[in-house]
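Residues per chain, in single letters:
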Amino acid sequence: MLHRAALVLALLAPACGSASPETTGPVVASTSPSTSAVGTSLPPEPTTTTTTVEVPEPSPSAPMAADNTTSMPPTTTMPPTSTMSPTSTADSAAPETTSAASVRLVRVRYGAAPQQVGDLRIPPGPGPFGVLVFIHGGFWRSGFDETLMSSLAIDATDRGVATWNFDYRSVGDPGGGYPGTLEDVAVAMDHLASLGEDLLLDDVTVIGHSAGGHLALWSASRHLLRPGDPGADPVVRPHTVVAQAAVVDLRSAAAVNMGGSAVEGLLGGEPDEVPEHYRVAQPIFDGYRIVAVHGRYDQVVPIGQSAYLEGSTGIFDDTGTHFDVLDPRHELWQRTLAEIGLVQTADR
């Protein structure tokens, strides 16, 4: 009996020992689900991704708000946007310069008409400052304004001079044409003496484009007008005029119907019909320095107009167009800066 019992126990022993491997199997198997559980418990990853996607969404609007804020130096000298015209807002926003926060922009009204207004820009630092005056073109017709010259004015101010970029009444505006257009230019020029700014009024250069080139030349020859003529007896006399693609000789421009009778529209008739208007409005090239800037590919005001500026300094370009002279990146402007002594690099 005892022998038989011992035999049974000996047979049962392997069966009992196999229980241990069976228990290790499930334990090993359980490690696999635990690993997959870590993989399935990754909702934090989608959350992080969502956050990353959402972060850039505010970022485009944030810089825009910052740009609008930094482009509002006019608020230091005038009320906020409620009193700023869209024109002045566009001017100040256009440059995106690093010095924009330091340049002081003042919207100045020199008369009661809507067009009798301009932008005065004062560079940072102590004065006194020389002045560059900008006069826009447009064949003396309504529909154009000082924003045509804003890029050049901004660039010049960044180089350390004050700039005065103004609009004026043109043909089509109430009071525009002869003599109102000329009178506005004269008043705007002399208004520099009434601004109360630290400006060097004996260091004034006028830059005019196209019809504005004519007005710039005329503004510098006002001292040669007869007493009682519109614009006579100037308070501010420029020492230099930069005539950019300028209409220089009014009679010859009228003879070729330049600008579709633009000269006749300004002066009210042909030279033989209103000879006194032509006498008053025709610039005289004496008593100031002239820099003629013109592209030979100008099909609006032919470069032959600049040939009337005898004795002037010429800056010409074989491929330049009528509007290339208004691009601050163009070599015509860069050469102009060198000619008038503003060769230092703009703070950009």
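Residues numbered from 1 in each chain as written. Predicted model: local features only at pLDDT ≥ 70, side-chain atom pairs only at ≥ 80, totals over all residues. Heavy atoms only, no water.

1. Here's the deal with helix H8 (residues 211–220)
Residue pairs three or four apart in sequence face the same way in an α-helix, which turns once every 3.6 residues. For clarity, the threshold we go by: Buried means the residue's accessible area, taken with a 1.4 Å probe over protein chains only, is under 20% of the maximum for its type, while exposed means over 50%, and partly exposed covers the values in between. Helix and strand labels come from DSSP, where a helix needs a run of H or I of at least four residues and a strand needs a run of E of at least two; each type is numbered from the N terminus.
Most of H8 sits inside the fold, with 10 of its 10 residues counted as buried. Buried within H8 are the following residues: Ala211, Gly212, Gly213, His214, Leu215, Ala216, Leu217, Trp218, Ser219 and Ala220.

2. Quick look at the pattern of salt bridges
Any two side chains of opposite charge can pair, so long as their charged atoms come close to each other. To be explicit about the condition: Basic side-chain nitrogens of Lys or Arg form a salt bridge, by our definition, when they fall within 4 Å of a carboxyl oxygen of Asp or Glu.
As enumerated under the stated definition, the model contains 12 salt bridges in all. With its nearest N and O atoms 3.2 Å apart, the salt bridge here joins Arg329 to Asp327. For Arg329, a relative accessible area of 72% translates into the label exposed. A salt bridge links Arg335 to Glu331, with the shortest nitrogen-to-oxygen separation between them at 3.2 Å. Taken as a pair, Arg335 and Glu331 lie in helix H12 (residues 331–339) at a separation of four residues, close to a single helical turn. For Glu331, a relative accessible area of 31% corresponds to the partly exposed category.

3. So, the nonpolar core
Convention followed: Here, nonpolar core refers to any group of buried Ala, Val, Leu, Ile, Met, Phe, Trp, Tyr and Cys residues whose side-chain atoms link them within 4.5 Å. Between two residues, a contact is recorded if the distance between any of their heavy atoms is within 4.5 Å.
Counting residues in hydrophobic clusters, the biggest one holds 56 residues, and the most contacted among them are Val133, Ile135, Trp140, Trp164 and Phe166. No other element matches the six residues that H8 contributes to this core. Residue contacts for Trp164: discarding those within four places in its chain leaves Val108, Tyr110, Gly118, Asp119, Leu120, Leu132, Val133, Phe134, Ala188 and Leu192. Listed in part, the 18 residues of the second largest apolar core include Leu132, Ala153, Ala156 and Val291.

4. Some details on the confidence of the model for the protein
Test applied: Every residue carries a pLDDT, the predictor's confidence in it, which falls somewhere between 0 and 100.
On average, residues of the protein score 78 in pLDDT, and 70% of them reach the 70 mark or higher. Contacts of residues 1–100 to residues separated by more than four positions or lying in other chains number 46 contacts, the stretch itself having pLDDT below 50.

5. Here's the deal with H12
Definition in use: This arc corresponds to the set of directions leading from the helix axis out to the C-beta atoms.
Taken residue by residue, H12 has Leu332, Trp333, Thr336 and Leu337 as its buried positions. For H12, the angular spread of the buried residues around the axis is 140°, confining them to a single face. On its buried face, H12 sits against strand S3 (129–135), helix H6 (150–157), strand S5 (199–209), strand S6 (240–244), strand S7 (289–295) and strand S8 (313–317). Gly341 lies just past H12 and shows a positive phi near 85°.

6. Some thoughts on unusual backbone geometry
At the junction of Gly127 and Pro128, the peptide bond is cis and its omega measures out at 0° in the coordinates. You can see Pro128 is positioned in the loop between strand S2 (117–122) and S3. A cis geometry characterises the amide bond from Tyr178 onward to Pro179, with omega recorded as 0°. On the secondary structure map, Pro179 appears in the loop between strand S4 (162–166) and helix H7 (180–190). Even without a glycine there, the phi angle at Ala245 is positive, about 45°. In this fold, Ala245 is placed in the loop between S6 and helix H9 (250–255). Here the phi dihedral of Asn257 falls at roughly 60°; this positive angle occurs in a residue that is not glycine. Along the chain, Asn257 falls in the loop between H9 and helix H10 (262–267). On the basis of relative accessibility, which here comes to 41%, the residue Asn257 falls in the partly exposed class.

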